[in-house]
Amino acid sequence: MNLYDRAKALIPGGVQLLSKRPELFLPDRWPAYYRRAKGTEVEALDGRVFTDVTLFGVGACPLGYADPEVERAVIDAVHAGSMCTLNAPEEVALAERLVGLHPWSEMVRYARSGGEAMAIAVRIARAAAGKDRVLFSGYHGWSDWYLAANLDDGAALDGHLLPALEPGGVPKALAGSVVPFADRASFDAALAAHDDVGVIVMETARYAMPPDGYLEHVRAEASRIGAVLVFDEITTGFRLHLGGLHQRLGVEPDVAVFAKAMSNGYAMSAIIGRRAVMDAVQSTFISSTYWTERIGPAAALATIDALEQRDGPARMEAAGDRMRSGWEAAASSAGIEITTKGVAPLPAFTIEHEQRAALATLYTQWMLDEGYLATGAFYATCAHDEATIDRALEASGRTFTRMKAAIDEDRIEASLTGPVASAGLRKTKR
Ligand SMILES: Cc1ncc(COP(=O)(O)O)c(C=O)c1O
């Protein structure tokens, strides 16, 4: 039995993160496990080496895999003792660094993953506002407060990144406690329908930059009704700006949350906020042993320094733009119609064809043969230099050309060596 089959017998769902399911990429053929990862290269367990031009640790490594400077800081933290009865001074240094980057904020708490940091942010915000109802937009993790949206309407979360999430085990008493919105009109409608909104939670951007005036409008309404505004910058933070994208857009929340882009592959997350809101922590209980370990803050300090020194956000944006325009050129010269979307460092393309799922699988299959971990989504990092991107684009060009021939000769499915990758597998069950 191969390792992934063994995993599925032992680990419900096979993996710990939905987005790492091999069936989402190339069923039966995706190299599910890695031996080592360095720069942009990944050595699979069977020894094959690939260049990663897709999810790249699902966005957790903006500097590239196993960055030497972050490694050094982590190894120092390990040698100095990652855990102790006393506290790690890096917690204070990192708080000063984060508040320094976000002058509107005054206080900081930590966790180790994005979803738990968002749960903390919502707890703090509800406590500070004294009102429970949450309006939200975007994806915010696995916790009860968020999945409660699907108690009333099983499809409420479908437009917010991951469709078909099932809320088994989430107390039914939470039904109605969170209300989704997607744009200014649905935000205004949700606000008009509820006079007890205490918290507004949103991603600053996902598939595109926010329309002019949108964040400003939400900010003004939050202030008007006395709600706490939380920006989830787990995906956008440190990619489009050194700190939150909101800093670049000039709209200040009451709380902002950072996680995977801030510590380059080491578990760390931060909730930053205004003192009046963050002080509500004292009215509740938010405390966990491993939120005090040393590796996370040491890695975050080294990552933020490296992103600053290397002009990380600008490099990621340039890399993302190069990939996006390269895809467009390669697809058009091969005669394949694609649509691109996504903010600059996180471009994505969709193939415009009735058999788009089969063609997307074929793209991944043939790119794998070319030595690439590739899909229609790319998380740019500082390690993707121009030469790496251009080589990947040459492989994309050859792949699009093969795809065009498969379309013309009516052998799309016949060209696949396994089943079609299924976005339907983005369910919590399988
Ligand atoms: C915007 C946003 N919020 C929350 C999360 C959840 O973070 P984590 O997977 O670290 O729990 C993610 C992860 O993709 C995210 O993109």
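Keep in mind the model is a prediction, meaning the values are calculated, not measured.

J.: How should I be thinking about the overall build of the chain in this particular structure?
T.: Within the chain, the regular secondary structure consists of 16 helices and 13 strands. Computed over its C-alpha atoms, the radius of gyration of the chain comes to 22 Å, within 12% of the 22 Å expected for a compact globule of 430 residues. With the principal axes as the frame, the chain shows a C-alpha extent of 65 × 55 × 45 Å. A burial count over the chain gives 45% of its 430 residues as buried. Taking as baseline every contact in the chain between residues at least 6 positions apart, the subset at least 24 positions apart corresponds to 74%.

J.: What is the right way to look at the domain arrangement of the chain in this model?
T.: By convention, interface size is frequently given as the accessible area that disappears when the constituent parts associate. Structurally, the chain comprises domain 1 (3–63 + 311–425) and domain 2 (68–309). One C-alpha centre belongs to domain 1, the other to domain 2, and the line joining them spans 28 Å. For the side of domain 1 that touches domain 2, the elements supplying multiple residues, two or more each, are α2 (56–59) and α13 (312–334). With four residues, the single largest contributor to the side of domain 1 that touches domain 2 is α13. Considering only residue class, the side of domain 1 that touches domain 2 consists of nine nonpolar, four polar and two charged.

J.: Sorry, what's going on with the pairing of strand β4 (residues 107–111) here?
T.: Residues in a regular strand project their side chains so that they alternate between the two faces of the sheet. Of all five residues making up β4, four are buried, and the element is well covered by its neighbours. Inspection of the sheet shows β4 paired to strand β10 (residues 269–273) by five bridges, in the antiparallel sense. Bridging from a neighbouring strand, M107 pairs with G273 of β10.

J.: Sorry if this is basic, but what is going on with the packing of helix α4 (residues 90–101) against helix α12 (residues 295–309) here?
T.: When two helices pack together, their arrangement is given by the angle between the helix axes and by the axis-to-axis distance. Where α4 contacts α12, the two axes come as close as 9 Å, and the packing angle between them is 35°. In this structure, the crossing between α4 and α12 has a hand that is left-handed. In this structure, α4 contributes E90, E91, A93, L94 and R97 to the contact, and α12 contributes P297, A298, A300, L301 and I304. In terms of residue class, the contact of α4 with α12 is built from seven nonpolar, no polar and three charged.

What counts and how
- Residues numbered from 1 in each chain as written.
- Predicted model: local features only at pLDDT ≥ 70, side-chain atom pairs only at ≥ 80, totals over all residues.
- Helix = DSSP H or I, 4+ residues; strand = E, 2+ residues; numbered from the N terminus.
- Rg over C-alpha atoms; globule rule 2.2 N^0.38 Å.
- Buried ≥ 20, exposed ≤ 12 C-beta atoms within 10 Å, placed from the backbone.
- Contact = placed C-beta atoms within 7 Å.
- Domains from an automatic or database assignment.
- Nonpolar A, V, L, I, M, F, W, Y, C, P; charged D, E, K, R; others polar.
- Pairing = 2+ DSSP bridges.
- Axes fitted to C-alpha atoms, helices over the stretch in contact; angles between N-to-C directions.
- Left-handed = near helix turned anticlockwise from the far one by under 90°.

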